[in-house]
Amino acid sequence: MSARARFSQRVDRLPKYPAAPGYAWKGDIARLASNESPDPPLPQVLEAAQRALTDLNRYPDPTQGELRERLAHRYDVPVERIAIGNGGSDLLIAAGDALLEYGAEVIYAWPSFSMYPHLAQAAGATEIRVPLKDDFIDLDAMLGQITAATQLIVVCNPNNPTSTALPMAEIEAFLAKVPRHIWVILDEAYIEYSLVDDPDASLDILPKYANLALMRTFSKVYGLCGLRVGFVLCGSVEMCQAFYSVRQPFSVNAVAQAAASEAIQHQDAVAQRVERAIAARLQLDDGLRKLGIVPRASQANFSWFRVGDGEAEIAIVGELANRGVLVRSGTALGEAGYLRVTYGQPHENARFLSELATLL
Ligand SMILES: *Cc1c(COP(=O)(O)O)cnc(C)c1O
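Because the structure is a prediction, the values reported are computed rather than measured.

**Concerning the site of the ligand**
Logical step 1: In the vicinity of the ligand, 14 residues are found, and the nearest of them are D187, Y190, T217, S219 and K220.
Logical step 2: Between S89 and the ligand, the recorded distance is 2.6 Å, taken from a side-chain N or O atom to an oxygen atom.
Logical step 3: Computed on the free molecule, the ligand has an accessible area of 380 Å², of which 95% lies beneath the protein chains in the complex.
Logical step 4: Elements with a contribution of two residues or more to the shell around the ligand: α4 (88-99) and β7 (212-217).

Encoded structure:
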């Protein structure tokens, strides 16, 4: 008998990311499963990425100087309070390393983004999941879960996968009640698509809360998820330094830095993408209502709705995939019986609706 080398116990604890199937499939597929932008990168962004390719024999700038300068200008937040990561997901995992002691409690709503359980488990923290109320995040219930052991609260607004958003006034009232020694991450991956408030409303409250971080990403409205760039706007310099201290110096690659630095300069294109997403939202939600389905009031680039019980949902997701339409299963995201469907190009949304109609 020979003993086998063993993984750390941490590895056994880590949840497996519920990846959507179909990445390798070729052909005419409507990719509506991963909340990506259906629009290709802007030509200027592609040119910036291409220019960066000629310098690939050099390491990328570990301070992400140009990108942070441009973000500082765009969001009016000092450079020293902006941390860049290899996607927002990288920063969420970094938050676990940087902000949590072993055994600390992390509070988040559920269902919400799949990376939060990962963050907690990887840091050896205890997760406290707070059920949604009618698919909305229940901030009062989250406050009710705070204990002496609480170190971090994560709020996803708009919430993935339920598409709902809370008004910033409610979030600010919540922040005022959270003890200042507890970190709060407000995950705003979809905030540009929200019509509830000005998407930059959270920036106005950031200076008041040293324990707050706003998380944003180039993966959604900027359409650069293939390159992996996300950022946090921190309420304090110390918090930002903590993010950097747990990351390897070159975690954001040179092409990603160049492309994101260019993309942030094109806010007009962002506005046009948001307009197209909102038109798609109307198209999809209208079509769903005609099929007798009532979607949640979406403030994101996807819709969330019930199609039946868990068995029916899984059958529908599978049958849609057979027909080349990829959508996300609610079971995989924490709520059986639901679908999450990302807005695609108008013809893709129409294709989804007509395939769904034949399956109901
Ligand atoms: C997509 C997403 C992110 C960030 O994703 P990255 O591609 O890692 O930048 C963060 N939070 C939520 C809720 C998301 O859906």
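**Let's talk about the pairing of β7**
Side-chain direction in a regular strand flips from residue to residue, so the side chains alternate between the two faces of the sheet.
Logical step 1: When you tally the buried positions in β7, you get six out of six residues, the bulk of the element.
Logical step 2: Neither face of β7 is left uncovered, since the one carrying L212, L214 and R216 and the one carrying A213, M215 and T217 both have all their residues buried.
Logical step 3: In terms of strand pairing, strand β6 (residues 183-187) meets β7 through four bridges, oriented parallel. The residue of β7 that forms the bridge with L186 is L214.
Logical step 4: Of the pairings in the sheet, the one linking β7 to strand β8 (residues 230-234) comprises five bridges and is antiparallel in character. When the bridges of β8 are listed, T217 appears paired with G230.

**Focus: the sheet that holds β8**
Logical step 1: Read across the open sheet, the seven strands follow the order β2-β8-β7-β6-β5-β3-β4; overall the sheet is mixed. This sheet does not close on itself; its edge strands, each paired only once, are β2 (82-85) and β4 (126-131). The mean angle between the axes of side-by-side strands here comes to 20 degrees, regardless of whether they run parallel or antiparallel.
Logical step 2: Docked against the sheet, helix α7 (residues 168-177) engages β5 (150-156), β6 and β7, running at close to 170 degrees with respect to β6.

Cut-offs and rules
- Residues numbered from 1 in each chain as written.
- Predicted model: local features only at pLDDT ≥ 70, side-chain atom pairs only at ≥ 80, totals over all residues.
- Heavy atoms only, no water.
- Near = heavy atom within 4 Å.
- Polar contact = N/O pair within 3.5 Å; in protein donor to acceptor, adjacent residues only side chain to side chain.
- Areas by Shrake-Rupley, 256 points an atom, 1.4 Å probe, with all protein chains shown as cover.
- Helix = DSSP H or I, 4+ residues; strand = E, 2+ residues; numbered from the N terminus.
- Buried < 20%, exposed > 50% of the residue type's maximum accessible area, 1.4 Å probe, protein only.
- Pairing = 2+ DSSP bridges.
- Axes fitted to C-alpha atoms, helices over the stretch in contact; angles between N-to-C directions.
- Contact = heavy atoms within 4.5 Å.

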